[in-house]
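Inside the fold
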Amino acid sequence: MPAPEGAAGPGRDLRSDLAASLVVFLVAVPLSLGIAVASGAPIQAGLIAAVVGGIVAGFLGGSPLQVSGPAAGLTVVVAALVAEFGWQVTCFITVLAGLVQIVLSASRVARWALAISPVVVHAMLAGIGVTIVLQQLHVLLGDNARSSAWANLIGLPTSLQQISVADTMVGLGVVAIMVAWKRTPARVRRIPGPLVAVVAVTALSIPLGTEVRRIALDGNIIDAIALPEVPDGAWGSVALGVLTVALIAGVESLLSAVAVDRMSPGRRTNLDRELFGQGAANMTSGALGGLPVTGVIVRSATNVESGATSRASAILHGVWVLLFALVGVAALEEIPLAALAGLLVMIGIGLIKKQDVTLARRTGDLIVYVVTLVAVVFLNLLEGVAIGLALAVVILLWRVVRAGVDLHRVRDDLWTVSIHGSCSFLSLPRLDSQLARIPAGAHAIVEVDVDYLDHPTTAALHAWQSAHEAAGGTVTVREKGESRLARSRDIRPSRTVRPGTDDSAQRWRDRQTEAAHARLPQPLRRHRSLTHIFAGIDQFHRGRAEDLQRSLAPLAQTQDPDTMFITCADSRVVPNVITSSGPGDLFTVRNVGNLVPSPEHRDGDRSVEAALEFAVSTLGVTSLIVCGHSNCGAMKGLLADEPLDGPVGEWLRHGDQAVALLRSGHPVGRQAAAAGFGEADQLALINVALQVQRLGRHPVVGQAAADGRLSIAGLFFDVGRARMLHVRATEIDDLAENADPTG
């Protein structure tokens, strides 16, 4: 098992954060300027937001690797606010939005942001991307952007007729460089593509002089500080703007933080603290005349990929932006507006992700994606998201509460009706239409396998049954699910599911045991200790037997397992569960201590020997696994001060060699001890390694392995952690370390 990564020293951490902060700074500057232009805000407002997002949100937020600043996702909202209220009132709205976020963080509602359907978020970002592209295409062509997406769309022919060749060349140059940059070697791409594109095109545009429109600044970032202004009316529109900025910025920040957690395993964001940090940053940015701040996935991903280890990287990136904004004004004024337009066009296109569309189509949510995108583009962002969420909820309800009703004609006088899913009054139209197709006088078998059943459905089924039988037909009702027709008329309807492993599952099992006891024949009722087994068998016949029968039918006459699995008789080791195997996959042999008798002791118990020969020679298995487990009673018996007597003691003599290997310092035992395993578990791991070696020397098994017909492996099940270890001759590996918990 590989040792855990050692903690890097403080000096190494600081060097990593310093290097990462410089990379993020180089990405942030051109993006912040471009977002300010797209928002209709003063150019320096983007840099102010970048500084505040880096320093304030970086210091106070709950995600140590997230980088905050102005984000493309709010450009549409901010542009509308600036057009309606002016810049300084928009700053006032940003301050209030930050205050709302702080209040929400104190209410501990941040986790509810995760309840927003991902397809709505993806469509929202795509809609923002389309809006940005439509807006910035005009700037790229040398014209001015219009006030709405629709106006930008229908105004494109006019901008094309009045095209500025110089501006267009500059904008297309940025696009071309950014596209080509993605195809350069990885070591070259360490330099941020947006920075290269803007710097290169700016340098090439200098000879064009006034033919190209450039950024106009009034002093440095200190001169750009503008205090917010209280509006003199329209408070309803102001409140709507505050709520819109607070919610969209908050949700985008929280979703970005969750994505950053996935990119840096082992870290987990405090979402309420992150929302507080974003609120504090928005209050500060608005008070200083900056754009609204959110967590930005582009900069955050760059931060993680550049090797950042703590929040120092985000904070330092804000410091570098501040220093540049103080002394780099002359350089900023050389940047063409069309260069930023080209950059924003690429950002907008990047928000429209093919994989999001593919996922929406595959999961049946494409209609939600398309409707949300169109609504965001042609209405506004808040209305678009609200419409998307409403549609997603409607589709969810349709999927969850409607039942499947399948009608099959076996022969003219025999029909089957299968009802499955959640059966409510919403399913009555389809249920009635299907039942009406059964001819009078026929025999109908109604199979009910549902997890929810309400009284209207029960009443409808009983009414149909009475009418059908009155017309000369017969009806047989078979119930397999947990919700029952008889109970639905007497109790409040609720979803009934099969049990899990918590306390409620235990209570469910207790009720099932009582029900099974009542159904037992009288001679069996005195075996009270067996009732839970009969309850399980009863539940199997009513709920699972039919599904299992489909898997077992092809195996009814013969078995064809590919693996022999030798493991302990311990009840906590469930081979098919821990290997995700189905019926017929494993040929399982269990004994106390998962032991394979050594050659000198094979004259005693021959059961393992017989199983080995049958599995390899007759069944032709291609793999053979020995699996031990933690806290094994057999291993504790081997380590006991006094040898065990009787059959158990005689059997455990097959493990004496493993004890000797433990005492002599076997490498597997040493590695297990270093990993924190106790002596009994160290012995269990050594025992697995020893049994694998014995199998390699076995006449039948060893020959099959030498011929390449069979592979032999050792496993160890850590019961308390539900983790599997791969046991080799001299070392062990944690198989869970290679597993993706999200996939």
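Rules and cut-offs
- Residues numbered from 1 in each chain as written.
- Predicted model: local features only at pLDDT ≥ 70, side-chain atom pairs only at ≥ 80, totals over all residues.
- Heavy atoms only, no water.
- Helix = DSSP H or I, 4+ residues; strand = E, 2+ residues; numbered from the N terminus.
- Buried < 20%, exposed > 50% of the residue type's maximum accessible area, 1.4 Å probe, protein only.
- Contact = heavy atoms within 4.5 Å.
- Areas by Shrake-Rupley, 256 points an atom, 1.4 Å probe, with all protein chains shown as cover.
- Salt bridge = Lys/Arg side-chain N within 4 Å of Asp/Glu carboxyl O.
- Pairing = 2+ DSSP bridges.
- Axes fitted to C-alpha atoms, helices over the stretch in contact; angles between N-to-C directions.
- Expected span 1.5 Å × (residues − 1).
- Parallel < 35°, antiparallel > 145°, perpendicular 65-115°, else oblique.
- Left-handed = near helix turned anticlockwise from the far one by under 90°.
- Nonpolar A, V, L, I, M, F, W, Y, C, P; charged D, E, K, R; others polar.
- Phe/Tyr/Trp six-rings, centres within 6.5 Å; stacked < 30°, edge-to-face > 60°.

Below, the discussion takes up the overall build of the protein. The number of helices and strands found in the protein is 31 helices and 12 strands. Within the span of the protein, comprising 743 residues, buried residues form 47% of the whole. Long-range pairs, those at least 24 residues apart, make up 75% of the contacts in the protein between residues at least 6 apart in sequence. For the protein, the exposed surface amounts to about 35800 Å²; the carbon and sulfur share of it is 60%.

Take the pattern of salt bridges next. Considering all chains together, one arrives at 10 salt bridges under this definition. In this structure, the salt-bridge partner of Arg108 is Asp272, at a minimum N-O distance of 3.7 Å. Taken together, the residues span a long stretch of sequence, with Arg108 in the loop between α4 (87-106) and α5 (118-140) and Asp272 in helix α11 (residues 271-288) at a distance of 164 residues. For Arg728, the salt bridge goes to Glu731, with nearest N and O atoms at 3.4 Å. With relative accessibility at 31%, the residue Glu731 sits in the partly exposed group. A single salt-bridge network, built from bridges that share partners, covers Arg728, Glu731 and Asp733.

Now for the sheet that holds strand β3 (residues 403-411). Read across the sheet, four strands follow the order β3-β4-β5-β6 without closing on themselves; strand pairing throughout is mixed. Where the open sheet ends on each side, the last strands, each with one partner, are β3 and β6 (474-479). On average, adjacent strands in this sheet sit at an angle of 15° to one another, irrespective of strand direction. Contacting β3 and β4 (414-423), helix α19 (residues 428-435) runs over the sheet at an angle of about 5° to β3. Across the face of the sheet, helix α20 (residues 455-470) comes into contact with β4, β5 (443-453) and β6 while running at roughly 150° to β6.

On to helix α15 (residues 337-350), then. Residues separated by three or four positions in an α-helix point in the same direction, a consequence of the helix having 3.6 residues per turn. Here α15 is 14 residues long and its end C-alpha atoms lie 20 Å apart, about the 20 Å a rise of 1.5 Å per residue gives. Among the 14 residues that make up α15, 12 are buried, leaving the element largely enclosed by the rest of the structure. Listed in full, the buried residues belonging to α15 are Leu337, Ala338, Ala339, Leu340, Ala341, Gly342, Leu343, Leu344, Val345, Met346, Ile347 and Gly348.

Contact geometry of helix α2 (residues 43-60) with helix α13 (residues 312-327) gives a least axis separation of 7 Å together with a crossing angle of 150°. The angle between the axes of α2 and α13 places the two elements in the roughly antiparallel class. Judged by the twist between their axes, the crossing of α2 over α13 is left-handed. For the pair α2 and α13, contact is made by Gln44, Leu47, Ala50, Val51, Gly54, Ile55, Gly58 and Phe59 and by Ala314, Ile315, His317, Gly318, Val319, Val321, Leu322 and Ala325, respectively. Classifying every residue of the contact of α2 with α13 gives 11 nonpolar, five polar and no charged.

For the structure shown, the criterion picks out five aromatic pairs. Between Phe587 and Phe614, the aromatic rings sit 5.8 Å apart at their centres with planes inclined by 45°, giving tilted as the arrangement. Here Phe587, found in strand β8 (residues 586-591), pairs with Phe614, found in helix α25 (residues 607-619); they are 27 residues apart in sequence, far enough to count as distant. For the pair Phe677 and Phe716, a centre-to-centre distance of 5.9 Å together with 85° between the ring planes defines the contact as edge-to-face.

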